[in-house]
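Overview (structure and organization)
Listed here are the chains, written in short residue letters.
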Amino acid sequence: MCFNEHGYIMVRYLLGGEVYHYHAKVMMKLAKVGGRHAWHQDYGYWYRNTALFPDMMTVFIAVDRCHKGNGCLEILDGSHKCGRIEHNFVGELVGADMERVNMIEKVCPKKYVEMNPGDALFFHCNLLHYSGPNLSEERRWAFLVAYNKATNDPVEEHHHPNYTPLHKVPNSAILDCGVLWDASGKELLTKEKRQNSHLKEINVKS
C-alpha cells in the first residue's frame, strides 16, 4: 500500500507506536439514495475480530464535499472515553446499544463533521459516529483507511489482514505508480460477506 509519510507519522503518534494497514473502503452515498448508518464504534466490530485492545483508528478522507445536506459524518464529541459499547442489530443494521448512546449524547455533544474534498479526519476506534441518508442532489464519497497498532495483532484469523509492516514512500509515489489496478492477493469484502460477518459477531455475543 502506498502510504503518505505525514499520515504515517500522525497515526504512529496518535496510537503511540508502530502501526499497520488494517483495511480500507470507499463509502459511496449517491445523490437522493445514499443510505444511513447506525450509531456505532468501529471497535464495536473489530472487538469481535479478536483485536484485544482499542489501539486502532480510522482516517476518514473526503472525496466530495461533506455537509449536513448530503449525510456528512456526525459524532458524539469525547465519546471515545466512554469505552466499548455493546453492538446489536438496530433494525437491519448492526449498531451500538441505543439506550447507552442516548445517555452519552446528554454529556457528549453531537457535532456535524463538514469537510471539503481532501480534508481528513483522524478518529479513535471508540468514537461514536453516525451518518444520515443523502437526500441531496450531490453524491458523497469518502475514502476510509483503518489502522491497527502492531502490538494489537488479532489473536485469531478473520476477514481483515493481520500485521504487515508498512514501508514509507515519498508523496510522489502515487504519481509514479505504473500499476493502476492489481487485485492479485487481495479479497474484496462484499455486502453479503459483511452481513454474514455481523451475524457471526452477534452469534458470538449470544
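Residues numbered from 1 in each chain as written. Predicted model: local features only at pLDDT ≥ 70, side-chain atom pairs only at ≥ 80, totals over all residues. Heavy atoms only, no water.

Naming follows an unreviewed UniProt entry, where the protein chain appears as Fe2OG dioxygenase domain-containing protein of Lottia gigantea. The UniProt entry for the protein chain carries the following comment under Cofactor (unreviewed entry): "Fe cation". (UniProt positions renumbered as here; feature names shortened; annotations may be inferred.)

Here we look at the sheet that holds strand E8 (residues 120-124)
What the 4 strands build is an open sheet, ordered E1-E10-E3-E8; its pairing is antiparallel. Edge positions in the sheet fall to strand E1 (19-29) and E8, since each has one partner strand and no second. Across the sheet, the axes of successive neighbouring strands diverge by a mean angle of 20°, strand direction being ignored. Looking at chain direction, E1 and strand E10 (residues 140-149) are connected through 10 bridges and run antiparallel. Looking at the pairing, His21 lines up with Tyr147 of E10. (Pairing = 2+ DSSP bridges. Helix = DSSP H or I, 4+ residues; strand = E, 2+ residues; numbered from the N terminus. Axes fitted to C-alpha atoms, helices over the stretch in contact; angles between N-to-C directions.)

Thoughts on the pattern of salt bridges
According to the stated counting rule, one finds 7 salt bridges in the structure shown. Via salt bridges that share partners, Arg48, Arg84 and Glu86 belong to a single interconnected network. (Salt bridge = Lys/Arg side-chain N within 4 Å of Asp/Glu carboxyl O.)

Considerations on unusual backbone geometry
Here Lys32, not a glycine, exhibits a phi torsion of approximately 70°, which is positive. Residue placement: Lys32 occurs in the loop between E1 and strand E2 (37-40). Its identity as a non-glycine residue notwithstanding, Thr50 has a phi of 65°, on the positive side. Note on placement: Thr50 falls in the loop between helix H2 (42-46) and strand E3 (56-62). Its relative accessible area of 14% is what places Thr50 among the buried residues. (Buried < 20%, exposed > 50% of the residue type's maximum accessible area, 1.4 Å probe, protein only.)

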